[in-house]
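Listed here are the chains, written in short residue letters.
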Amino acid sequence: MNTYDILIMYLVAGLLASVALSVLAIRAKVIRRGAMPQSVMVGTLVTLSGFPSVLLFILFLAYTTLVTRLGKERKVKLGVADDVEGRKANQVVAVGFTPAVMAMASSIMYAVGLTEASGVFLASYVASLAAASADTWASEIGVLSRGRPILFTMPRARVSPGTSGAVTPLGELSSLAGSASVALTYLALTRVFNTSPLWVKFNWGSLNPSIQLVLLIIALGYVGEVMDSVIGALTQPKYYCDRCGVVTEHEVHTCGERTRLIYDPRVKLSNEAVNLLESLIAAVLAIVITLSFSRLLT
Ligand SMILES: [Zn+2]
């Protein structure tokens, strides 16, 4: 069998496995019924980059689902518990598009014999998942914070928990933990399956190369989440509830009061578009940084 036959075999196996896993994900309320085609598409492309990558994706979904369900009662009260019922189709695309494309690029590079380029895209795949994870952990745990959320565009205003772009210290710590959950899981998987994570030869002093890679991924995931907050704060309309005296992103506040528009950005992006941008930024940074330290350019 040549590499192309193997790619086709992976595609078919990936398609079958993705259909089965998507059905399970719908039953477990990880995704909603309408997100099935998008989920199958993402799953199939991720399969191309090999078993550890697929397992990483499944574990990433498991962690983020658990984190989403944390403090459910409080999220229902705050009006931010929507995702507990499962992710919608556009959310699956926002989270899955970048990793799926990077996984596909990695497998194509591998198939044509460019193993180091394949490694660069694989690092980018892991970084985009770390960014998605960092963002989910930051918002799902951060929203439970008793501390005052701060919006950097309106630092003095009282902001409703769950508002796009608003940050809390708990949220930022959770973001780092979310990014680390992906990076460390990937490191563990490469150990268990005895595949080397050292596709790219770093030369940052004497630090163990796998630790260098893990640190890079954690940092990129976190940078992605920070970008998500910045872009979210700048591109999403903000409203003010006069009854509660807080900034919110809803036209009707959870108290039932109609809010008034206080920030109307010229470029408006949905949450999903911001998430997609965030993972793309982490992925592109991963490509640029790993490339510049790899032997490909030296
Ligand atoms: Zn209100």
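Our structure's up above, just so we're on the same page.
Below: a short report on this structure. Model, not experiment: these values are computed from the prediction.

## A look at the overall build of the protein chain
For step 1, the next point in the chain: Across its full length, the protein chain carries nine helices and five strands.
For step 2, the next point in the chain: Walking the protein chain from its N terminus toward its C terminus, one meets helices and strands in the order α-α-α-α-α-α-β-β-α-α-β-β-β-α.
For step 3, the next point in the chain: Against the 2.2 N^0.38 benchmark of 19 Å for 298 residues, the protein chain shows a C-alpha radius of gyration of 20 Å, consistent with a compact globule.
For step 4, the next point in the chain: For the protein chain, the spread of C-alpha atoms along the three principal axes comes to 70 × 45 × 35 Å.
For step 5, the next point in the chain: In the protein chain, which comprises 298 residues, the share counted as buried stands at 46%.

## A short note on the packing of helix α6 (residues 115-142) against helix α8 (residues 209-235)
For step 1, the next point in the chain: Relative to each other, α6 and α8 sit at 50°, their axes nearing to 7 Å. If you check the angle between α6 and α8, you find them oblique. Of the two elements, α6 crosses α8, and the hand of that crossing is right-handed. Contacts between α6 and α8 involve Ala 123, Val 126, Ala 127, Ala 130, Ala 131, Ser 133, Ala 134, Asp 135 and Ala 138 from the first element and Leu 213, Ile 217, Ile 218, Leu 220, Gly 221, Tyr 222, Gly 224, Glu 225 and Asp 228 from the second.
For step 2, the next point in the chain: Considered class by class, the residues forming the contact of α6 with α8 number twelve nonpolar, three polar and three charged.

## Remarks on the environment of Val 143
For step 1, the next point in the chain: Mapped onto the elements of the fold, Val 143 is located in the loop between α6 and β1 (150-151).
For step 2, the next point in the chain: Overall, Val 143 belongs to the buried group, with 24 C-beta atoms counted inside 10 Å.
For step 3, the next point in the chain: Remark: the alpha-carbon pair of Val 143 and Val 120, spanning 23 residues in sequence, is separated by 34 Å.
For step 4, the next point in the chain: Aside from chain neighbours lying at most four places away, what touches Val 143 is Lys 75, Leu 78, Val 80, Pro 161 and Gly 162.

Procedures and definitions
- Residues numbered from 1 in each chain as written.
- Predicted model: local features only at pLDDT ≥ 70, side-chain atom pairs only at ≥ 80, totals over all residues.
- Helix = DSSP H or I, 4+ residues; strand = E, 2+ residues; numbered from the N terminus.
- Rg over C-alpha atoms; globule rule 2.2 N^0.38 Å.
- Buried ≥ 20, exposed ≤ 12 C-beta atoms within 10 Å, placed from the backbone.
- Axes fitted to C-alpha atoms, helices over the stretch in contact; angles between N-to-C directions.
- Parallel < 35°, antiparallel > 145°, perpendicular 65-115°, else oblique.
- Left-handed = near helix turned anticlockwise from the far one by under 90°.
- Contact = placed C-beta atoms within 7 Å.
- Nonpolar A, V, L, I, M, F, W, Y, C, P; charged D, E, K, R; others polar.

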